[in-house]
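Residue strings, one per chain:
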Amino acid sequence: MIGERLVRKVAGTRGFLKVAPHVVPAMDRAVHRLSRGKVLLSAQMLPGVILTSTGARSGRPRRTPLACMPDGDGWFLVGSNYGRPDHPAWTYNLLRHPDAEISWKGRDVLVTARLLAGEERAAAWRELLVFWPPYTTYQERVERELRVFRLDPQ
C-alpha cells in the first residue's frame, strides 16, 4: 500500500508529467514484447492493456499501452495524455474505428469502444477518480474534457 500511495502522489507531479509520456509507453511496449504479451511494466501498480486500434488517418494498426479500469466484462480507458493539452491520438483512432483489440493479461480480446457522455460518463468518472485520483490533476491541467471510453468484448 505504501508503494501505491507513493505512485499516486508522484503521478501528479510536474516532473512525472514531463518525463512519463516519453518513457512509460516505450518501456511498456518493450517489456510487453519481450514477455510475449504477459507483462506490462506499468501494470505492476495500475491495471493496463495494450490497445491495438486502427489509425484514424493512416488506417494502419497502432499499438498503445494504456492504464485501464476493469469493469465487469469490460474496461474503461481515459484519454488523459498525462494532462497534456491535446487529446491522445488513440482516442481519435477509436472515434473513427471503434472496433479494436486489447492485450489483457496475456490474451488478445476483440473489443468495441464507445465514447461516454452525459450521466454515463459522469458516473464512470466518479469511479475512475476513486480508482486513480491523479486523473483529477490531469483534468485540472487542461481545458478539454478528458475522453472516457468503455470497451466491451465483441
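Our subject in this report is the structure included herewith. None of these values were measured; they are calculated from a predicted model.

1. As for the overall build of the protein chain
Item 1. Broken down by element type, the protein chain carries five helices and seven strands.
Item 2. Along the protein chain, helices (α) and strands (β) appear in the sequence α-α-β-β-β-β-α-β-β-α-α-β when read from the amino end.
Item 3. In the protein chain, the proportion of contacts linking residues at least 24 apart, taken out of those at least 6 apart, comes to 65%.
Item 4. Carbon together with sulfur atoms contributes 55% to the accessible area of the protein chain, which is approximately 8,900 Å² in total.

2. What to know about the environment of T52
Item 1. Mapped onto the secondary structure, T52 falls in strand 1 (residues 48-54).
Item 2. For the pair T52 and E101, spaced 49 residues apart in the sequence, the C-alpha separation amounts to 5.1 Å.
Item 3. Apart from residues lying up to four places away in sequence, T52 is in contact with P61, R62, R63, A100 and E101.
Item 4. Separated by 3.5 Å, the side chains of T52 and R63 make a polar contact.

3. Overview of the pattern of salt bridges
Item 1. Tallied over the full model, the rule gives six salt bridges.
Item 2. Residue E120 is joined to R114 by a salt bridge in which the shortest nitrogen-to-oxygen separation is 2.8 Å.
Item 3. Owing to a relative accessible area of 36%, R114 belongs among the partly exposed residues under this scheme.
Item 4. Linking E145 and R121 is a salt bridge whose minimum nitrogen-to-oxygen distance equals 3.5 Å. Of the two residues, E145 is situated in the loop between helix 5 (134-140) and strand 7 (147-153) and R121 in helix 4 (residues 118-131); the sequence distance between them amounts to 24 residues.
Item 5. What makes R121 buried here is its relative accessible area of 7%.
Item 6. Look at the salt bridges and you will find they share partners, linking D71, D73, R150 and D152 into a network.

4. Observations regarding the pairing of strand 6 (residues 107-115)
Item 1. With six bridges connecting them, strand 5 (residues 99-104) and strand 6 associate as antiparallel partners. Bridge assignment links D99 to a residue of strand 6, and that residue is T112.
Item 2. From the end of strand 5 to the start of strand 6, which pair antiparallel, there are two residues, and K105 there has a positive phi angle of about 50°.

Basis of the calculations
Counting of residues starts from 1 at the beginning of each chain's written sequence and follows it residue by residue. Selection of residues for local features in this predicted model requires a pLDDT of at least 70, selection of side-chain atom pairs for listing and counting requires 80 or more, and totals for whole chains, interfaces and linings are taken over all residues. Side-chain measures here rest on the full set of heavy atoms in the structure, leaving out hydrogens and waters. Comment: elements are numbered from the N terminus, with helices defined as DSSP H or I runs of at least four residues and strands as E runs of at least two. Here, two residues are considered to be in contact whenever any of their heavy atoms come within 4.5 Å of each other. Reported accessibility uses the Shrake-Rupley method at a 1.4 Å probe radius. Residues are deemed covered only where the shown protein chains occlude them. Residues adjacent in sequence count toward polar contacts only when both atoms are side-chain atoms; beyond that, a polar contact is any pair of N or O atoms within 3.5 Å, and within protein one must be able to donate a hydrogen and the other to accept it. Between Lys or Arg on one side and Asp or Glu on the other, a salt bridge is scored when a side-chain nitrogen of the former is within 4 Å of a carboxyl oxygen of the latter. Accessibility here uses a 1.4 Å probe with only protein chains present; expressed as a share of the type maximum, an area under 20% marks a residue as buried, one over 50% as exposed, and anything in between as partly exposed. Note on pairing: DSSP must find at least two bridges between two strands before they are called paired.

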